[in-house]
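Okay, here's what each chain looks like letter by letter:
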2 protein chains.
Amino acid sequence: MELVEARKQFVAAWGSFGSNWGINRTMAQIHALLMVTTKPLAADEIMQELTISRGNANMNIRELINWGLVERVVVSGERREFFAAEKDIWKVARIIVRERKKRELEPMMRFLESISAVEGAEADVATFEKTISDIRRFGQQADQAMETMLKADENWLLGTLLKLMR
Amino acid sequence: MELVEARKQFVAAWGSFGSNWGINRTMAQIHALLMVTTKPLAADEIMQELTISRGNANMNIRELINWGLVERVVVSGERREFFAAEKDIWKVARIIVRERKKRELEPMMRFLESISAVEGAEADVATFEKTISDIRRFGQQADQAMETMLKADENWLLGTLLKLMR
DNA sequence: TTTTTCTTTCAGAATAAATTGAAAGTTGAG
DNA sequence: CTCAACTTTCAATTTATTCTGAAAGAAAAA
């Protein structure tokens with residue numbers, strides 16, 4: 001397969017994959033494009049490659065930088081800013097896990113704690129409290145697994161899961 | 001906190017949590033509602049509790065049934081269908097892992113394989129092939145880890161069943 | 001069979017999310 | 001300082017997704 005074609009397909013696939021996981025399509029596409037590109041790209045090149053507007057490119061690049069997945073690169077002799085993606089897929093995975101844990105799991109856990117005790121004596125109260133406490137326990141294990149992953153190397157998943165499942 | 005209030009908050013939170021992960025808000029809310037309810041609910045009760053239309057309720061219940069997260073329950077003496085959610089959070093997690101692996105990870109892996117070799121000799125070709133192969137390796141490990149989790153759970157289930165039978 | 005009760009479907013409406021593009025803002029060069 | 005090159009912002013628009021509700025379908029009850 002031709003590089004240009006393969007790259008186009010990869011960028012498109014990564015975009016739709018991302019949007020299944022709550023990540024904006026364009027953001028995932030920009031990230032994919034930068035992942036398979038050797039040299040850093042300027043905003044104009046990204047706009048052209050993905051046929052998106054300046055505003056859209058700017059907003060999504062900024063968001064990728066927020067996540068720590070992309071960084072600004074100074075190219076000597078150039079006025080424009082250039083952008084490059086983190087290419088180590090394990091680092092990428094760790095960044096995503098760390099961010100989503102911080103942004104979603106942790107707030108959810110705090111929330112569950114806040115509603116873990118309810119008043120009343122009906123059967124539904126017992127069901128409610130059991131469900132919430134089961135979810136909390138599950139969440140704590142997930143949290144712990146992620147924490148382990150963030151600290152460990154590339155073989156974390158197998159090791160951790162095996163331990164959890166024992 | 002009052003049960004009714006806590007339940008309302010939980011359902012709302014679970015809904016917005018789900019929509020961060022590519023799951024339709026209403027679907028997540030229905031699942032949450034059924035998780036904290038002792039008795040199976042009829043479509044009308046779900047509609048009323050979540051103030052959603054009949055069509056919306058029907059479509060999302062069907063989707064939950066497709067996923068295997070909710071099942072129809074026959075209540076004797078009742079004409080209507082009732083619905084109950086799987087309440088074991090580990091089973092829920094296992095179902096979600098299995099389904100998303102099948103629906104997303106596996107197709108993505110097949111796709112990556114199909115574009116793993118490209119023609120050309122530029123530096124970009126090397127970058128492209130390395131990125132794709134790194135992602136594939138990562139995906140294989142994730143796949144393997146999920147497989148381990150799914151198997152461990154099955155063994156656990158089998159063990160429980162064996163115990164029950166003796 | 002006919003009626004009643006409940007479920008399913010789906011075109012159109014409503015809502016939410018993403019995108020555009022032009023104007024305003026910034027920054028370095030001359 | 002002024003200009004030109006580039007970046008950022010954001011109101012308006014477009015696109016995508018979700019939801020509604022009425023009509024049609026199905027099946028038990030009468």
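Residues numbered from 1 in each chain as written. Chains lettered and ligands numbered in written order. Predicted model: local features only at pLDDT ≥ 70, side-chain atom pairs only at ≥ 80, totals over all residues. Heavy atoms only, no water.

Caption draft 1: A look at the protein's contact with DNA strand D. With respect to spatial proximity, 16 residues lie near DNA strand D, and among them N58, R62 and E81 of chain A together with T26 and S53 of chain B are the closest. Taken together, the sugar and phosphate atoms account for 65% of what DNA strand D places within 4 Å of the protein. Side-chain polar atom of R79 of chain B to a base nitrogen of DNA strand D: 3.5 Å apart, as the coordinates give it. The set of elements that each furnish at least two residues to the surface near DNA strand D consists of α4 (54–67) of chain A together with α4 (54–67) of chain B. With 4 residues, the single largest contributor to the surface near DNA strand D is α4 of chain A. Along the lines of polarity and charge, the residues of the surface near DNA strand D split into 1 nonpolar, 8 polar and 7 charged. (Near = heavy atom within 4 Å. Polar contact = N/O pair within 3.5 Å; in protein donor to acceptor, adjacent residues only side chain to side chain. Helix = DSSP H or I, 4+ residues; strand = E, 2+ residues; numbered from the N terminus. Nonpolar A, V, L, I, M, F, W, Y, C, P; charged D, E, K, R; others polar.)

Caption draft 2: The arrangement of the domain arrangement of chain A in detail. Residue and element names in this part refer to chain A. For chain A, the assigned domains read domain 1 (3–85) and domain 2 (89–165). Between the C-alpha centres of domain 1 and domain 2 the distance comes to 31 Å. Taken together, the 9 residues of domain 1 in the interface contact 7 residues of domain 2. Between domain 1 and domain 2 the total buried area reaches about 660 Å² when both faces are included, carbon and sulfur atoms providing 68% of it. Contact with domain 2 buries surface across domain 1, with M35, W67 and L69 losing the most and accounting together for 65% of the total. Here domain 1 is connected to domain 2 by 0 salt bridges. With 3 residues, the top contributor of residues to the side of domain 1 that touches domain 2 is α4. (Domains from an automatic or database assignment. Contact = heavy atoms within 4.5 Å. Buried area = accessible area lost by both parts, 1.4 Å probe. Salt bridge = Lys/Arg side-chain N within 4 Å of Asp/Glu carboxyl O.)

Caption draft 3: Spatial organisation of the packing of aromatic side chains. What the rule picks out here adds up to 9 aromatic pairs over all chains. Pairing W21 of chain A with W21 of chain B gives two aromatic rings, centres 6.1 Å apart and planes at 85°, and the pair type is edge-to-face. Separated into two different chains, W21 of chain A in the loop between α1 (3–19) and α2 (25–35) and W21 of chain B in the loop between α1 (3–19) and α2 (25–35) make up a pair that spans both. Under the relative-accessibility criterion, W21 of chain B is labelled partly exposed at 25%. Ring centres 4.8 Å apart and planes at 75° place the aromatic pair W90 of chain A and F138 of chain B in the edge-to-face group. Note that W90 of chain A is positioned in helix α5 (residues 89–114) and F138 of chain B in helix α6 (residues 123–165), a pairing that runs across two chains. Three or more aromatic residues joined by ring pairs form one cluster here, namely F10, W14 and F17 of chain A together with F128 of chain B. It is R103 of chain A that lies over the ring of W67 of chain A; its NZ or CZ is 4.3 Å from the centre. (Phe/Tyr/Trp six-rings, centres within 6.5 Å; stacked < 30°, edge-to-face > 60°. Buried < 20%, exposed > 50% of the residue type's maximum accessible area, 1.4 Å probe, protein only. Lys NZ or Arg CZ within 6 Å of the ring centre and 35° of its normal.)

Caption draft 4: How the structure looks around the protein's contact with DNA strand C. Surveying the vicinity of DNA strand C reveals 17 residues, the closest of which are T26 and S53 of chain A together with N58, R62 and E81 of chain B. Counting only atoms of DNA strand C within 4 Å of the protein, the sugar-phosphate share comes to 66%. Contact between DNA strand C and T26 of chain A: a phosphate oxygen at 2.8 Å from a side-chain N or O atom of the residue. Interatomic distance of 3.3 Å between a side-chain N/O atom of R79 of chain A and a base oxygen of DNA strand C. Listed by contribution, the elements that provide at least two residues to the surface near DNA strand C are α4 of chain A together with α4 of chain B. Sorting elements by how many residues they give to the surface near DNA strand C places α4 of chain B first, with 4 residues. A per-class count over the surface near DNA strand C returns 2 nonpolar, 8 polar and 7 charged.

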